[in-house]
Every structure is written in C-alpha cells, then in structure tokens.
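Summary of the model geometry
Read off the chains here:
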Amino acid sequence: MLQVRHLVKYFGGVKAVDGVSFEVGAGECVALIGPNGAGKSTCFACIAGQQRPSGGEVLWAGQRIDALAPARRLARGVARTFQVAQTFEALTVLQNLQLLMSAGRGLPAWNVLDRTSVQAATQLLARVGLQPLAHADALGLPYGAKKRLELGMALAGLGEGALADPQGRSPSPERPRLLLLDEPAAGLAGTERLELMQLVKSLAREGAAVLYTEHNMDAVFGVADRVLVLIEGRLAAQGTPDEIARHPEVRSRYLGHSFDAARQAPSHA
C-alpha cells in the first residue's frame, strides 16, 4: 500500500502542497485530478522522488521512501512515467525494454544487449501491444506507441517478474509494485486513450497499485476506482467517480455544474 501522510511542499513562501493524505492499495487504480496550479504535479513529484517534501511522509509497503532517490524507489518496486514520454530513441523498441531489465544487475556491453532478457522483453512487448514493432527504432514511433513503450519500460524496470506470465499466473507477491503515471493519456486521440487506459486498469487488476494524474476526464471516469481532487494544494475531495462527479465544491471549482460523468465514461470500460 502507498500511504501519503500530511504531505507538505513549500517553494519559498508558497505552499504548493498543503497537508495531503491518502492511500492507494494493491489492485487499485486511483486518479489524481484538479485544476491547473492545484499542486498535482508537485504532489506527484514528491511521491515519485523528483521533489523532496518539506514535511510529511510517503510510505510504500510499510517503509518510508520520501528521502530515497528515484533509483532506490525503483529497486523497491516503485516505477513512474512522464507526461511527455521518455524513451531511448537510439535503440529499438525491444532494446529499450532489454536495457531496463538489465539495469538492476549492471548494464551489459552494447554488443550483447540484443541477447539480454529476450524472452521476458518479448513477452512484455506483447503485453503492452507492441510486439509487431519490436525491431523498429523508438525515434520513429507514433506517439501512442511511444506512450505504450514508456509504460513497458516502467514495468521492465520493476524486473522480469513484474507481470502475469503467458500462462496467466499472477506476478510474484513478494515484490509489490507501484506504478506512478503522469498523464498517461496526454496527447492521445480518443480511441488510443481508451485502449491505453484499459491496459493501465488491467495492470491494477493484476495486483499493481496505480496512481495517475490526468486532465482528460474520459481517462478518469469509467477507469479509476477512486478519484482524488486537489484544489489550491489541499485534498478537497476523494471518493468513487460517481461521488466526485456529484461533489459540490469539485463541480463548482473544477468540473463545472454541467459536468455529466456518464458522457465521459466509456460505455464498455
């Protein structure tokens, strides 16, 4: 379980995050939303390790991680993606995953990278829907494919046991997994958003704890199990998507009084 306790972040005299507390359990897919300037990115960065909190605690699997560098969080099963997809563009799609899978035990020489974790990387490519593009250069990928690749890279960084195997056996419970996804659907068209978010939700159903930020409401309603709403740095509301859609302050200050959750949620999500 991810536990965020009384998280505070100052920038000079500005309190960007104001005592935020929440939890995300294994198997949950939780969205963090709010208007521009609400503190979402700062809160997310404090959890992922790009920012150091000014106060409060971040715990994962019962241990504090708020003082750990991102690489040490990854070693404990915490992986993240970015709003703008980050990939190794000089490598092929498959090599991107092979590189991440080998990072924890030391990088191989470049001339043997192609022989590293081939089966596991190929299986992971199939899981994120990229196996036909295995030998394509990452540089030339369409953006939707690049977002899938970055998600695959996050999973690859968690190790070869991070996913259910081809026979459907669940990932190893000895290594809990937290996926922190920064606007995973940003820049994607409607159909691509739907497909990617269904993939994200399936990862939660396989046992990962998933926390994601998002501006596209169709990637929130009908996808998230719970929704957290930040307004002016504080947690203004949390609950199911239906509860958030009816919340008076959230409707007044963010979603709008005319917001209709039923129009946002995919009919077959």
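Further up the page is the structure itself.
Attention in this report is confined to the structure presented alongside it. (Residues numbered from 1 in each chain as written. Predicted model: local features only at pLDDT ≥ 70, side-chain atom pairs only at ≥ 80, totals over all residues. Heavy atoms only, no water.)

Focus on the sheet that holds strand β10 (residues 234-239)
Ordered by their spatial adjacency, 6 strands build an open sheet running β6-β7-β8-β3-β9-β10, and the pairing between neighbours is mixed. Strand pairing shows two members of the sheet lacking a second neighbour, β6 (78-81) and β10, which therefore form its edges. Direction aside, neighbouring strands of the sheet carry axes that sit 20 degrees apart on average. As paired strands, strand β3 (residues 29-33) and strand β9 (residues 226-231) are joined by 4 bridges and run parallel to one another. Directly across from Leu32, in β9, lies its bridge partner Leu228. (Pairing = 2+ DSSP bridges. Helix = DSSP H or I, 4+ residues; strand = E, 2+ residues; numbered from the N terminus. Axes fitted to C-alpha atoms, helices over the stretch in contact; angles between N-to-C directions.)

Examining the pattern of salt bridges
Applying the stated rule across the entire model yields 14 salt bridges. The partner of Glu28 in a salt bridge is Arg226, and the shortest N-O contact between them spans 2.8 Å. Of this pair, Glu28 sits in the loop between β2 (14-24) and β3 while Arg226 sits in strand β9, and the two are 198 residues apart along the sequence. Among the salt bridges present, the one from Glu206 reaches Arg127, with a minimum N-O distance of 2.7 Å. Of this pair, Glu206 sits in the loop between α6 (190-205) and β8 (209-213) while Arg127 sits in helix α4 (residues 118-127), and the two are 79 residues apart along the sequence. The class of Arg127 is partly exposed, set by a relative accessible area of 24%. Ionic contacts of the salt-bridge type, sharing partners, join the residues Arg5, Glu57, Arg64 and Asp66 into one network. (Salt bridge = Lys/Arg side-chain N within 4 Å of Asp/Glu carboxyl O. Buried < 20%, exposed > 50% of the residue type's maximum accessible area, 1.4 Å probe, protein only.)

Focus on the state of the cysteines
By the definition in use, this model includes 0 disulfides. Cys43 provides the cysteine sulfur closest to Cys46, a residue in no disulfide bond, and the two sulfurs are 6.8 Å apart. (Disulfide = S-S within 2.5 Å.)

Remarks on the sheet that holds strand β4 (residues 55-60)
Taken in spatial order, the 4 strands make up an open sheet running β2-β1-β4-β5, and their pairing is antiparallel. Where the open sheet ends on each side, the last strands, each with one partner, are β2 and β5 (63-64). Judged from the 2 bridges that link them, β4 and β5 form a sheet pairing that is antiparallel. Across the sheet, Trp60 pairs through a bridge with Gln63, a residue of β5. Running at roughly 120 degrees to strand β1 (residues 2-11), helix α1 (residues 40-48) makes contact with β1, β2 and β4 of the sheet. (Contact = heavy atoms within 4.5 Å.)

Section: the packing of helix α3 (residues 93-103) against helix α5 (residues 143-157)
One way to put it is that α3 packs onto α5 with a least axis distance of 7 Å and a crossing angle of 25 degrees. Between α3 and α5, the crossing angle belongs to the class labelled roughly parallel. Crossing hand, α3 versus α5: right-handed. Residues Val93, Asn96, Leu97, Leu100 and Met101 of α3 pack against Leu149, Gly152, Met153, Ala156 and Gly157 of α5. Grouping the amino acids of the contact of α3 with α5 by side-chain chemistry returns 7 nonpolar, 3 polar and no charged. (Parallel < 35°, antiparallel > 145°, perpendicular 65-115°, else oblique. Left-handed = near helix turned anticlockwise from the far one by under 90°. Nonpolar A, V, L, I, M, F, W, Y, C, P; charged D, E, K, R; others polar.)

Details of the nonpolar core
Core analysis: the biggest nonpolar cluster contains 56 residues, and Leu179, Val210, Tyr212 and Phe221 have the highest contact counts within it. Considering every element that reaches this core, the biggest residue donor is α5, with 7 residues. Listed in part, the 26 residues of the second largest apolar core include Phe44, Trp60, Ile65 and Leu180. (Core = buried A, V, L, I, M, F, W, Y, C linked by side-chain atoms within 4.5 Å.)

Here we look at the packing of aromatic side chains
Tallying each qualifying case throughout the model produces 1 aromatic pair. Aromatic side chains Phe221 and Phe259 sit 5.0 Å apart centroid to centroid with 55 degrees between the ring planes, which places their arrangement in the tilted category. Of this pair, Phe221 sits in the loop between β8 and β9 while Phe259 sits in the loop between α8 (248-255) and α9 (261-264), and the two are 38 residues apart along the sequence. What makes Phe221 buried here is its relative accessible area of 1%. Since its relative accessible area comes to 12%, Phe259 is described here as buried. Across the ring face of Phe11, the terminal group of Lys9 is positioned such that the distance to the ring centre comes to 5.3 Å. (Phe/Tyr/Trp six-rings, centres within 6.5 Å; stacked < 30°, edge-to-face > 60°. Lys NZ or Arg CZ within 6 Å of the ring centre and 35° of its normal.)

Focus: α5
An α-helix turns once per 3.6 residues; consequently, residues spaced three or four apart project the same way. For α5, with 15 residues, the first-to-last C-alpha span of 21 Å sits near the 21 Å given by 1.5 Å per residue. Most of α5 sits inside the fold, with 14 of its 15 residues counted as buried. Just beyond α5, the residue with positive phi is Gly159, at close to 110 degrees. (Expected span 1.5 Å × (residues − 1).)

Notes on the environment of Glu57
If you trace the backbone, Glu57 turns up in strand β4. For Glu57, a relative accessible area of 24% gives the class partly exposed. Distance from Glu57 to Ile47, taken between C-alpha atoms, is 9.2 Å for residues 10 residues apart in sequence. Beyond its immediate stretch of four places on either side in the chain, Glu57 contacts Gln3, Val4, Arg5, Arg64 and Asp66. Of note is the side chain of Glu57, whose polar atom sits 3.3 Å from the side chain of Arg64. (Polar contact = N/O pair within 3.5 Å; in protein donor to acceptor, adjacent residues only side chain to side chain.)

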